[in-house]
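Results of the structural survey
Read off the chains here:
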Amino acid sequence: MVDLETRYLLWAVGLEALVPLAVGIAGWVTITRVLDTHSGPRALSRYLIALAAVVSIPKLLGGFSVDITGFLFGLLLLAVALFVLTRLFLLPALLVTGRGFVTALRQSYHRSQGQGMTIGGLIIVIGLAYWGLATVPVAGGFLSTAVVAPIHSVAIGTVFSTGSRGTAAIPANQIESRDARPGERR
């Protein structure tokens, strides 16, 4: 690192940022097409910010190892993580449709009610597919992204577009009105 020229450092950092950016834009385009909607640059930027947050949280928490004493605690953490991921599964589709962060979080939570088993099963299957393809030597990273990421995006768009039939979720206009400041109309 002592003799590393700045242009090579910037080139390497740029390439590292290019991959998640390309995957994020591809996911945004896929969800937009599945929902048959038009989405502007603000929606894209919100989507990419949310993607960056989701990708960086595990990296900030660091690695961990599983031992016998922490096994039950690990299972509890896994159950909590699955619950949270189930409730946030529709967040990308809501961001693509132009909702703000707070409104998208609330709507994702409410729209996923009654679909927990379906969404939880999708998360497990998609996660196992990512992991399985990522373990392939040499091409694992490419395969897991190129094959499973579009399926993931289509699943998000499909679950979102089918709606929450049979659930008692709060209608979108009532959720959005809660986000307005007192005295402000939407």
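Just above, that's the structure.
Residues numbered from 1 in each chain as written. Predicted model: local features only at pLDDT ≥ 70, side-chain atom pairs only at ≥ 80, totals over all residues. Heavy atoms only, no water.

**A word on the packing of helix 6 (residues 116-134) against helix 7 (residues 140-162)**
Following both chains from N to C, one finds helix 6 and helix 7 inclined at 165 degrees, their axes separated by 8 Å at the closest point. As the angle between them shows, helix 6 and helix 7 are arranged roughly antiparallel. Seen from above, helix 6 lies across helix 7 with right-handed handedness. Contacts from Ile119, Leu122, Ile126, Ala129, Tyr130, Leu133 and Ala134 of helix 6 reach helix 7 at Gly140, Leu143, Ser144, Val147, Val148, Ala149, His152, Ala155 and Val159. Of the residues that constitute the contact of helix 6 with helix 7, the class distribution is 13 nonpolar, 3 polar and no charged. (Axes fitted to C-alpha atoms, helices over the stretch in contact; angles between N-to-C directions. Helix = DSSP H or I, 4+ residues; strand = E, 2+ residues; numbered from the N terminus. Parallel < 35°, antiparallel > 145°, perpendicular 65-115°, else oblique. Left-handed = near helix turned anticlockwise from the far one by under 90°. Contact = heavy atoms within 4.5 Å. Nonpolar A, V, L, I, M, F, W, Y, C, P; charged D, E, K, R; others polar.)

**Points about the pattern of salt bridges**
Counting across every chain of the model gives 1 salt bridge. Note that Glu5 is salt-bridged to Arg7, the shortest N-O span being 3.2 Å. Since its relative accessible area comes to 39%, Glu5 is described here as partly exposed. With relative accessibility at 54%, the residue Arg7 sits in the exposed group. (Salt bridge = Lys/Arg side-chain N within 4 Å of Asp/Glu carboxyl O. Buried < 20%, exposed > 50% of the residue type's maximum accessible area, 1.4 Å probe, protein only.)

**Examining the side chain of Arg99**
Following the sequence through the fold, Arg99 ends up in the loop between helix 4 (91-96) and helix 5 (101-111). Polar side-chain contacts of Arg99 include one of 2.5 Å to the side chain of Thr97. (Polar contact = N/O pair within 3.5 Å; in protein donor to acceptor, adjacent residues only side chain to side chain.)

**Examining unusual backbone geometry**
One non-glycine residue, Asp36, adopts positive backbone phi at about 50 degrees. The residue Asp36 is located in the loop between helix 1 (6-35) and helix 2 (41-61) in this model. Looking at Asp36, the relative accessible area reads 71%, which means it is exposed.

**As for helix 7**
With 23 residues, helix 7 extends 32 Å between its outermost C-alpha atoms, agreeing within 8% with the 33 Å of an ideal straight helix rising 1.5 Å per residue. The principal kink in helix 7, of about 35 degrees, is found at Val148, preceding the proline Pro150 by one to four residues. Where the residues of helix 7 are buried, they touch helix 1, helix 4, helix 5 and helix 6. (Expected span 1.5 Å × (residues − 1). Bend = angle between axes of the 7 residues up to and from the residue.)

In short, the description is geometric, and any link to function would need to be established separately.
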